[in-house]
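These are the residues of each chain, in order.
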Amino acid sequence: QVQLVESGGGLVRPGGSLRLSCAASGNILRANAMRWFRQAPGEQRELVASITYGGITNYADSVKGRFTISRDNAENSVYLQMNSLKPEDTAVYYCNALGVRTSESWYSEVWGQGTLVTVSS
């Protein structure tokens, strides 16, 4: 059973920074793309950033230049450094992994449980 566990959410003032972490567990051999999504109250879930196994990144226009996604393949972890935070960044942030191979199985997609980020003065 593969699990993704996010951490690092919390309350931050506008202009502040937070670093989200997502740790994958479950005898993982390799996870292909890893992604961060977010969902604000009353809104649809949206893709924030993605990173391939080889480190190619992609960002939503709304976070370009402010957020940085990175990963540690040896630790099966992905991170999201969020700078210059705005109130509109307030949302539950979800970690997502595509193409996860473990020693026993293959998972096409796995989701974490989410971590709340609140940007408010």
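Read on for a plain summary of the structure. (Residues numbered from 1 in each chain as written. Predicted model: local features only at pLDDT ≥ 70, side-chain atom pairs only at ≥ 80, totals over all residues. Heavy atoms only, no water.)

To continue, consider the environment of Gly99. Structurally, Gly99 can be placed in strand β10 (residues 91-102). For Gly99, a relative accessible area of 8% corresponds to the buried category. Residues Gly99 and Gly114 lie 15 residues apart in sequence; the distance between their C-alpha atoms is 19 Å. When residues no more than four places from it in sequence are discounted, the contact partners of Gly99 are Arg30, Ala31, Asn32, Trp106, Tyr107 and Ser108. (Helix = DSSP H or I, 4+ residues; strand = E, 2+ residues; numbered from the N terminus. Buried < 20%, exposed > 50% of the residue type's maximum accessible area, 1.4 Å probe, protein only. Contact = heavy atoms within 4.5 Å.)

A complete count under the given rule lists 5 salt bridges for this structure. Across the salt bridge formed by Glu46 and Arg38, the nearest N and O atoms sit 2.6 Å from each other. (Salt bridge = Lys/Arg side-chain N within 4 Å of Asp/Glu carboxyl O.)

What follows is about the nonpolar core. Of all hydrophobic cores here, the largest spans 31 residues; its most connected members are Trp36, Leu80, Met82 and Tyr93. At the level of secondary structure, the elements contributing two or more residues to this core comprise β3 (18-25), β4 (28-31), β5 (34-39), β6 (46-51), β8 (67-72), β9 (77-82), β10 and β12 (115-119). At 5 residues, β10 tops the list of elements feeding residues into this core. (Core = buried A, V, L, I, M, F, W, Y, C linked by side-chain atoms within 4.5 Å.)

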